[in-house]
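An overview of the molecular structure
So the chains spell out like this:
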Amino acid sequence: MKEEKVKKTWTTLVVLSVVFSCFILPATAQNTVQPVTRIYRVGIFAPLYLDTIFTNTGTIRFTDAIPKFITPGLEFVHGAQIALDSMKLPNENVEAFIYDTKSYTKTIPRLISDKKLDTLDIIIGSVKDVDFRQLADFALSKNIPFISATYPNDGGVTANPSLVIVNSTLKAHCEAIFSYLVQSHGTDRIFLCRQKGPQEDKVAAYFKMINAQDGKPLLDIQTLNFDSIVSPGLLKNRLDSNRQTVIIGGSLDETFATKLTMACYELHESYPITLLGMPNWDSFKALMNKDALVDFPVFFTSPYFNTKWDDYSKMVNNVYAKKYKARATDMVFKGFECTWLFTKLLTKFPGNVISHLNDKSFKLITDYNFRPVMLKKDSPVTDYYENKHLYFVRIMNGTISKAW
């Protein structure tokens, strides 16, 4: 009963904080009273589901806990709020507008048609699918930078130099893995292990395309197809105890990833194996089982790595704990970092943020390397800008750490 009461209180605090933000903002991030040279308007978009949370009379529909699908957007906005509140902008005035992309009445198309977004100087969004596409199209039409903070996809967008993808696409992860293989495992045995599925087809196609850019394969990457059973025996028949073997787990499916990891673990003492997974493997609980996978590392790539030991992370954790009685999640940190970084870039390079994406003046936690992407070699215009800096991260004995 005690835990339930605490959860209810925390839920109410979270919701009321966001509601306060949505209706009181625009908020001014300004620490000292000095002559204002310009007002910079920042639009922050996230799925908050406020119309789902509240009834027409303003009461909260949920008394026990907020549904899980609501929390990522809330946490992203909380992080953005902390950034705005802690930012020192002595000679600038920033107005931040928070938009609920799941509003029943103030939808993105409605906001656009009513010209409510025309005065924005930058858009920062934790959005996906149709919301992502609508904001990308609008940003292009108005020449406004659109910072896609969390969606690891280009959503089919092309010829849009206003779009900046922070959370690297699956193709970028495959490119990073391939680059690592060329540098460190060019003479080793390499297997791409997969099961049937559209995502697996996509991963295999990326590696095939990257490996044969000049018409012939640079590396000998063999594909092993598995059904619902990942047999250590079948894998063992392809291994050589005298040679290093690299296994690429070419699937985003948790069940397959777990079975493949267990098969590799069963064989690793007799056969030298390096297992490389996909970027979402960090969320797979079985891989964090320190008792089942003793001293066996699993590697994956990630655009985001935070030890939370730096001063900014400590500040965010302290503020979040005081305000929400909880520990800041990765979504909080992503909202904080993206809002801080790109708002600062906006005030330093007004009207020209895209040309200065890699400016290091305001680096907080994460290293970024934004590069122009041309999906076709003869493309006359940049399709979008994407963060190509990826960390290689290791899961071992229940702990996640940076490998290189």
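Residues numbered from 1 in each chain as written. Predicted model: local features only at pLDDT ≥ 70, side-chain atom pairs only at ≥ 80, totals over all residues. Heavy atoms only, no water.

**Looking at the environment of Ala 212**
With respect to the helices and strands, Ala 212 occurs in the loop between helix H7 (198–211) and strand E8 (221–225). What makes Ala 212 partly exposed here is its relative accessible area of 28%. (Helix = DSSP H or I, 4+ residues; strand = E, 2+ residues; numbered from the N terminus. Buried < 20%, exposed > 50% of the residue type's maximum accessible area, 1.4 Å probe, protein only.)

**Observations concerning unusual backbone geometry**
Non-glycine residue Lys 325 carries a positive phi angle of around 55°. In this model, Asn 397 sits at a positive phi of 55°, which is unusual for a non-glycine residue. Mapped onto the elements of the fold, Asn 397 is located in the loop between strand E14 (391–396) and strand E15 (399–402). By relative accessible area, which is 28% here, Asn 397 ends up partly exposed.

**Thoughts on the side chain of Ser 148**
Considering the arrangement of structural elements, one finds Ser 148 in strand E5 (residues 146–148). In this structure, Ser 148 is in contact with Gly 125, Phe 132, Leu 163, Val 164, Ile 165, Val 166 and Asn 167, ignoring residues within four places of it in sequence. (Contact = heavy atoms within 4.5 Å.)

**Considering the pattern of salt bridges**
A full pass over the atoms with the stated rule returns 12 salt bridges. Two residues, Arg 133 and Asp 137, come together in a salt bridge whose shortest N-O distance is 3.4 Å. In this pair, Arg 133 and Asp 137 are both assigned in helix H5 (residues 129–142), 4 residues apart and thus about one turn of the helix distant. Residue Arg 133 is classed as partly exposed on the basis of its relative accessible area, which comes to 35%. Where Asp 330 meets Lys 308, a salt bridge forms, and the shortest distance between an N and an O atom there is 3.2 Å. With a gap of 22 residues between them, Asp 330 in helix H11 (residues 330–348) and Lys 308 in the loop between strand E11 (298–302) and helix H10 (311–324) connect regions that are remote in the sequence. (Salt bridge = Lys/Arg side-chain N within 4 Å of Asp/Glu carboxyl O.)

Any functional reading would require information that these geometric values do not contain.
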